[in-house]
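# Residue-level structural notes
Residue-level listing of the chains:
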Amino acid sequence: MRITVLAGGIGAARFLRGLIAQAPEAEITVIGNTGDDLTLYGLRVSPDLDTVMYTLGGGNDEAKGWGRADESWNALAEIQAYDATPSWFGLGDRDIGTHLVRTALLDEGRTLSEATAALTARWDLPVRLVPMTDLRVETHVVVEDPDQPDGRRRLHFQEYWVRHHAELPVVDVWFDGIETSEPAPGVLDAIASADLLLLPPSNPVVSIGPILAVPGVRDAVLAAPAPVVGLSPIVGGAPVRGMADKLLPAIGVDTSAAGVAMHFGGRRSGGLLDGWLVDERDADAVPRIEQAGIAARALPLLMTDVAAAAAMARATLDLAEEVRR
Ligand code: GDP
Ligand code: CA
């Protein structure tokens, strides 16, 4: 079975670990969000691709959820000692090794897909990890800023999230460069040829949002013969972690399991979803989601360990079989 997953960082990586445990024989392609990518001190950093790579490769920091295990922070301490900016991004020493290799490959003229393939080879990943695009796309958020003449300021999503801890009021989200981007090689084919398309519990606005916004991707998902099943990243009206509750209202979406389902939409009404899983504490949202033509089930959706994620993956595969047309 060929499964294609549109993935952000931590939520996606943890779900993928469960999916691999549950469907070890599946051929899994992961289309990774690159809207979070940024350049720091000349280093090209791809936070979401790296979170998936480290987690599935067994090299991640399990407690933090991002970055390398057994990390040290000497380089960042030196940057801070120079009072250099930016110094707010968590650049670990081991992690820097990855960014050095990626940057060198890109400087040699390789594409991000090629660099990603070269990096993932080391980790012997049980999936194929493909960036959504090889071209530069940056997620920016527009925040309220009384010091600006028009009362607004636009900043890189990473600066908003890591530096400002998502504390600035967001009025808009913007994918810079998206119109002129194009899907990386293999992206559209992985969608069209999949037996199953999954939206893991990733941030709908800044993880899944940019992938779907790459020209051609949303249409490819809409046209795909495979069922599309997703899992809610919102549990009991709040994100399990992260800042989705700050971003969903900015794009007019209710911070709830049903709100996110309606945002993606049901296939019957021109949307993406055939099926949607919600946490058991959101079970009362199931009838409303089903009224929108989306098959919905409620079950525990907290990825406390790989076994819990595998149980979620099992339910996802079962629902996909039910809705398969
Ligand atoms: P990021 O790029 O590292 O922020 O990762 P993702 O976009 O892939 O995942 C972030 C989303 O995952 C957030 O909206 C979280 O609410 C969600 N999330 C994280 N852990 C869990 C979990 O255990 N269960 C569910 N249902 N969602 C989760
Ligand atoms: Ca991310």
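Cut-offs applied
Residues numbered from 1 in each chain as written. Chains lettered and ligands numbered in written order. Predicted model: local features only at pLDDT ≥ 70, side-chain atom pairs only at ≥ 80, totals over all residues. Heavy atoms only, no water. Pairing = 2+ DSSP bridges. Helix = DSSP H or I, 4+ residues; strand = E, 2+ residues; numbered from the N terminus. Axes fitted to C-alpha atoms, helices over the stretch in contact; angles between N-to-C directions. Near = heavy atom within 4 Å. Polar contact = N/O pair within 3.5 Å; in protein donor to acceptor, adjacent residues only side chain to side chain. Phe/Tyr/Trp six-rings, centres within 6.5 Å; stacked < 30°, edge-to-face > 60°. Buried < 20%, exposed > 50% of the residue type's maximum accessible area, 1.4 Å probe, protein only. Lys NZ or Arg CZ within 6 Å of the ring centre and 35° of its normal. Donors = N, O, S within 2.8 Å, 3.2 Å for Na, K, Ca; no water. Expected span 1.5 Å × (residues − 1). Contact = heavy atoms within 4.5 Å. Core = buried A, V, L, I, M, F, W, Y, C linked by side-chain atoms within 4.5 Å. Domains from an automatic or database assignment. Parallel < 35°, antiparallel > 145°, perpendicular 65-115°, else oblique. Left-handed = near helix turned anticlockwise from the far one by under 90°. Nonpolar A, V, L, I, M, F, W, Y, C, P; charged D, E, K, R; others polar.

### Side note on the sheet that holds strand β6 (residues 138-144)
As summarised here, the arrangement of the three strands in space is β7-β6-β8, forming an open sheet in which the pairing is antiparallel. Unpaired on one side and paired on the other, β7 (152-156) and β8 (170-176) mark the two borders of the sheet. This sheet shows a mean twist of 25 degrees between the axes of neighbouring strands, independent of strand direction. Where β6 lies against β8, six bridges are found, and the strand directions are antiparallel. The partner of Glu138 across the bridge, within β8, is Asp176.

### Looking at the site of ligand 1
Not every one of the 19 residues close to ligand 1 is listed here, only the nearest: Pro201, Ser202, Ser207, Leu301 and Met303. Here an oxygen atom of ligand 1 sits 2.9 Å away from a polar atom, N or O, in the main chain of Gly9. One of the backbone N or O atoms of Pro233 is found 2.7 Å from an oxygen atom in ligand 1. Broken down by element, the residue count for the shell around ligand 1 peaks at three residues, all from helix α1 (residues 10-22).

### Some details on the packing of aromatic side chains
Within the structure shown, the criterion is met by five aromatic pairs. With centroids separated by 6.3 Å and ring planes inclined at 75 degrees, the aromatic side chains of Trp66 and Trp73 adopt a geometry described as edge-to-face. In this structure Trp66 comes out as partly exposed when scored by relative accessible area, which is 34%. Trp73 sits in the partly exposed class, given a relative accessible area of 32%. Consider the rings of Trp88 and Phe89, whose centres lie 6.0 Å apart with planes at 75 degrees: the pair is edge-to-face. If you follow Arg68 out to its NZ or CZ, it ends over the ring of Tyr54, 5.7 Å from the centre. In this structure, Arg122 is placed above the aromatic ring of Trp123, and the distance from its NZ or CZ to the ring centre is 4.0 Å.

### Remarks on the coordination of the calcium ion (ligand 2)
At the metal site, the calcium ion (ligand 2) is ligated by Asp36 (OD), Asp48 (OD) and Asp48 (OD), and these contacts range over 2.1 to 2.6 Å. Of the two residues, Asp36 sits in the loop between β2 (27-32) and β3 (38-40) while Asp48 sits in helix α2 (residues 47-57), which places them 12 residues apart along the sequence. Residue Asp48 is classed as buried on the basis of its relative accessible area of 7%.

### Comments concerning α1
Counting along an α-helix, one turn takes 3.6 residues, and residues three or four places apart therefore face a common direction. A rise of 1.5 Å per residue sets the reference length of α1, with its 13 residues, at 18 Å; its end C-alpha atoms lie 19 Å apart and thus fit the reference within 8%. Within α1, 11 of the 13 residues are buried, which leaves the element mostly enclosed by the surrounding structure. For α1, the complete set of buried residues consists of Ile10, Gly11, Ala12, Ala13, Arg14, Phe15, Leu16, Arg17, Gly18, Leu19 and Ile20. The elements touched by buried residues of α1 are β1 (2-7), β2, α2, β9 (196-199), β10 (228-231) and α13 (306-323).

### Topic: the nonpolar core
Soluble globular proteins tend to bury their nonpolar side chains together. If you look at the biggest cluster of nonpolar residues, it comprises 54 residues, and the most contacted ones within it are Val141, Tyr160, Ile191, Leu247, Phe264, Trp276 and Ile289. The element that contributes the greatest number of residues to this core is helix α11 (residues 257-264), accounting for five residues. There are two domains that each give this core at least three residues, and those are domain 1 (2-33 + 180-324) and domain 3 (138-176). Leave out the neighbours within four places in its chain, and Ile191 touches Thr4, Ile31, Leu197, Val217, Ala220, Val221 and Ala224.

### Here we look at the environment of Ala121
As for its placement among the helices and strands, Ala121 is situated in helix α5 (residues 112-123). Ala121 sits 85 residues away from Val206 along the chain, and the two C-alpha atoms are 27 Å apart.

### Observations regarding α13
Helix length check: α13, at 18 residues, gives a terminal C-alpha distance of 26 Å against a target of 26 Å (1.5 Å per residue), a fit within 8%. Considering only its buried residues, α13 is in contact with β1, α1, β9, β10, β13 (275-279) and β14 (295-299). Capping the start of α13, Asp305 holds a side-chain oxygen 3.3 Å from the backbone nitrogen of Ala307, two or three residues further along.

### Here we look at the sheet that holds β9
Pairing between sheet strands relies on hydrogen bonds along the backbone, with the strands arranged either parallel or antiparallel. The seven strands lie next to each other as β5-β2-β1-β9-β10-β13-β14, forming an open sheet whose pairing is parallel. Each edge of the open sheet is held by one strand with a lone partner, namely β5 (128-131) and β14. Sheet twist, expressed as the mean angle between neighbouring strand axes with direction ignored, is 20 degrees. Alignment of β10 against β13, held across three bridges, turns out to be parallel. Within β13, the residue paired with Gly230 across the bridge is Trp276. This element, α2, spans β2 and β5 of the sheet and lies at about 175 degrees to β5.

### Brief notes about the packing of α2 against helix α4 (residues 93-107)
It is the contact of α2 with α4, at a shortest axis distance of 12 Å, that shows an interaxial angle of 120 degrees. When the axis of α2 is compared with that of α4, the two are oblique. Seen along the crossing, α2 lies across α4 with a hand that is right-handed. Every residue of α4 that contacts α2 at Asp50, Met53 and Tyr54 is listed here: Asp95, Thr98, His99 and Arg102. Split by residue class, the contact of α2 with α4 holds two nonpolar, two polar and three charged.

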